Amino acid sequence: MTPAPATAGPAALETLHRVWGYDAFRGEQAAIVERVIGGGDALVLMPTGGGKSLCYQIPAIVRAGTGVVVSPLIALMHDQVSALEAVGVRAAFLNSTQDADQRRRVEQALLDGDLDLLYLAPERLSLESTRTLLDRVIAGPGIALFAIDEAHCVSQWGHDFRPDYLQLSMLHERWPQIPRVALTATATAQTRQEIVSRLELQGAEQFVASFDRPNIQYRIESKNQPLGQLLQLIRTEHPGDAGIVYCLSRASVEKTADALVAAGIEALPYHAGLDAATRSRNQSRFLREDGIVMVATIAFGMGIDKPDVRFVAHLDLPKSVEGYYQETGRAGRDGLPSTAWLAYGLQDVVQQRRMIDEGDGDQAHKRRQSQHLDAMLALCETVQCRRQQLLGYFGQQSEPCGNCDTCLAPPESWDGTVAAQKLLSTVVRLWRERHQRFGAGHLIDILLGKETDRVRQHGHDELTTYGIGTELSDQEWRGVVRQLLAQGLLAVGSDGYGTLVITEASSAVLSGDRTVMLRREAPRPTRASKQKAG
Ligand code: ADP
Ligand code: ZN
């Protein structure tokens, strides 16, 4: 028997029309909704903005009983519930921000069968009182389904691990008869496997949507004057547009937001160091007003549903491709052309390697973080289509997109073997002859033959490599160092000062057995140059 085509039954479609006023399901939504309404488990991998929420909201309404949604986004539960109430869906949440009285009222509504949807913070499920409450609901009005939102949070080595998610396997163990739908926008094969095994979703049907976001133009350029580059992007391509600027630290968030405001751009800061009232005021201004630029750490954005974010800019290197994809995915949910722009430089690589070395966690954890960083660096340094590389990372094959910086202006590569040898041999000499290690800045000063105080003080003008690198500019040398770091031909020393050391792979370069191809740092295209190109 051939399986029936994935059409959503009349009840699902009727709910879509009546409650949300939408004409049709999108992509895999219909098949997912049918699967869950029929009582089966599902694992849904869909990019941000793909429409995951309806995949559990509609079955929750169509099936008897309440749909219980486990979500880590406590700060957003209130907004999510209000949005549902606004379209007439009976929804509520239970989390630690409520007092006992509020919680009691929600529990009563649940027991009375007065809720279509209940949002639950994962830690509430570790309370036996919550478990017995759900037992009573099942014995009474019933539970329609369990939805596990942001399911990648169960992945221990992923970029967003929440320990409370590990216990969610109990849902299946305690209530095997209730269908479960796990949803995430993170889709590497490894994460998927981890979700299946940790949540005991072996019987779940998997729905994997395309991760392509064709309306997003991906661009990555080298960081020279970050603020100037950002202002240029905003002024020439996105004046008056809403956007998000991600920075790594709270201090740089503050500094960048101030600088944008000083330049006449309506920018607001957002990071975990601001008090809750300021954070929520800034967030709601960003959501409700037009053309606000939110300057934020990655604490901002999860679950934010603003359709017309026209650009996402990163002033610091994201720690993983997953993170980069998620953060850039907040641009252009409405399908209109949007920009994902990242500026990254040598310091990013040095700093992140150092953070991994000095950070918490065992060797396996550090190795994993290193792999995440390497994949991110490979995306930054690729001479191929960014989108192809990005989708390939998520296991999806595609053709060059014609709408990313490397497609619009294919980067030239050049033979950087001699340059690499000059740099590496300077590192080797300093160590062998003088037992000294230095960071990139001073090494480049030596190669350029600069007469700095430090050069004089250490007598580095006597080194045989002093002044042998004047064929490249300071900036070009920084590009060489950055790319050698990315290729694993240089490493950051473990002394915590960002000094550079050679690696095992360096010796093949020094002996002339390995050529080093580098990408030339050309001026990157803007949207305007794309239009010119047709
Ligand atoms: P995700 O959770 O995957 O990021 P959402 O569930 O928030 O995405 O949906 C993104 C946007 O798309 C929302 O504004 C939602 O209302 C809208 N949407 C989802 N499904 C449909 C549909 N079938 N037709 C029209 N709009 C939809
Ligand atoms: Zn491309």
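What you see is a predicted model, and the numbers here were worked out from it, not measured in a lab. For every chain, the first residue of its written sequence is number 1, and the numbers climb from 1 along that sequence. Labels follow written order: the first chain is A, the first ligand is 1, and so on. Side-chain atom pairs in this predicted model are given and counted only at pLDDT of 80 or more, local residue features only at pLDDT of at least 70, and totals for whole chains, interfaces and linings cover all residues.

Novice: Can you lay out the nonpolar core for me, pointing to particular residues and giving the numbers?
Specialist: One nonpolar core equals one set of buried Ala, Val, Leu, Ile, Met, Phe, Trp, Tyr and Cys residues connected by C-beta atoms within 7 Å. Residue burial is a threshold on neighbouring C-beta atoms within 10 Å of the residue's own C-beta, all placed from the backbone, with 20 or more meaning buried, 12 or fewer meaning exposed, and counts in between meaning partly exposed. Ranked by size, the top nonpolar core spans 144 residues in total, and within it V44, L118, V181, A182, M294, V295 and L423 carry the most contacts. Residues are treated as contacting if the C-beta atoms built from their backbones sit within 7 Å of each other. When near neighbours in sequence (up to four residues on either side) are disregarded, V181 contacts V36, D41, A42, V44, C55, Y56, L145 and A147.

Novice: So what's going on with the sheet that holds strand β4 (residues 117-120)? Residues and values would help.
Specialist: Strands are treated as partners if at least two bridges between them are detected by DSSP. Runs of H or I in DSSP of at least four residues are treated as helices and runs of E of at least two as strands, each being numbered from the N terminus. The 7 strands lie next to each other as β3-β4-β2-β5-β6-β1-β7, forming an open sheet whose pairing is parallel. If you trace the sheet from one side to the other, it starts and ends with β3 (91-94) and β7 (205-208), each paired once. Across the sheet, the axes of successive neighbouring strands diverge by a mean angle of 20 degrees, strand direction being ignored. As judged from the 4 bridges shared by strand β1 (residues 42-45) and strand β6 (residues 180-184), these two strands associate in the parallel manner. Residue pairing for β6: L43 is matched across the bridge by A182. Axis definition: a line fit to C-alpha positions, over the contact stretch in the case of helices; interaxial angles, taken between N-to-C directions, run 0 to 180 degrees. Against the sheet, helix α3 (residues 52-62) contacts β1, β2 (66-70), β4, β5 (143-148) and β6, and its axis sits at roughly 165 degrees relative to β5. Against the sheet, helix α4 (residues 74-86) touches β3 and β4, its axis set at about 165 degrees to β3.

Novice: Which residues make up the packing of helix α17 (residues 417-434) against helix α18 (residues 440-448), and what values go with them?
Specialist: Relative orientation of the contacting elements α17 and α18 amounts to 115 degrees, with a least axis distance of 10 Å. With respect to α18, the axis of α17 lies roughly perpendicular. When the axes of α17 and α18 are compared, the crossing they make is right-handed. Mapping the contact onto sequence places K422, L423, T426 and V427 in α17 and L443, I446 and L447 in α18. Throughout, the ten residues Ala, Val, Leu, Ile, Met, Phe, Trp, Tyr, Cys and Pro are labelled nonpolar, Asp, Glu, Lys and Arg are labelled charged, and all others, Gly among them, are labelled polar. Classifying every residue of the contact of α17 with α18 by side-chain character gives 5 nonpolar, 1 polar and 1 charged. Any angle that falls under 35 degrees is termed roughly parallel, while one over 145 is termed roughly antiparallel, one within 65 to 115 roughly perpendicular, and all others oblique. Here a crossing is called left-handed whenever its near helix is offset anticlockwise from the far helix by less than a right angle, and right-handed whenever the offset is clockwise.

Novice: Describe unusual backbone geometry, listing the residues and the values that go with them.
Specialist: One non-glycine residue with positive phi stands out, namely E150, at about 50 degrees. Within the fold, E150 resides in the loop between β5 and α7 (169-174).

Novice: I'd like a description of the sheet that holds strand β9 (residues 242-246), backed by residues and values.
Specialist: Read from one edge to the other, the open sheet built from 6 strands follows the order β8-β13-β12-β9-β11-β10, with strand pairing classed as parallel. The open sheet is flanked by β8 (216-222) and β10 (267-270), the only strands paired with a single partner. Sheet twist, expressed as the average angle between the axes of neighbouring strands with direction ignored, equals 15 degrees. As defined by bridge partners, β9 adjoins strand β12 (residues 309-314) across 5 bridges and the pair is classed as parallel.

Novice: Describe the site of ligand 1, naming the residues involved and giving the relevant values.
Specialist: Close to ligand 1 lie 14 residues; Y22, R26, G51, K52 and S53 are nearest. Tallying contributions element by element places α3 first for the shell around ligand 1, with 3 residues. Looking at the shell around ligand 1, its residues break down into 4 nonpolar, 6 polar and 4 charged. Any residue whose C-beta atom, as placed from the backbone, lies within 6 Å of a molecule or strand is termed near it.

Novice: Go over the confidence of the model for the protein with me, naming the residues and quoting the values.
Specialist: Of the residues in the protein, 96% have a pLDDT of 70 or more, and the chain-wide mean is 91. With pLDDT under 50 throughout, residues 1-6 is counted as low confidence; its partners more than four residues away or in other chains account for 3 contacts. With pLDDT under 50 throughout, residues 528-534 is counted as low confidence; its partners more than four residues away or in other chains account for 5 contacts. The ipTM, which scores confidence in the relative placement of chains, is 0.98 for this predicted complex, and the corresponding pTM is 0.77. Residue-level confidence of the predictor, termed pLDDT, takes values from 0 up to 100.

Novice: So what about the environment of D474? Which residues, and what values?
Specialist: Among the secondary structure elements, D474 is positioned in helix α20 (residues 474-486). Here the alpha-carbon distance between D474 and I444, two residues 30 residues apart in the chain, equals 6.8 Å. With sequence-adjacent residues up to four places away left out, D474 is seen in contact with I444 and L448.

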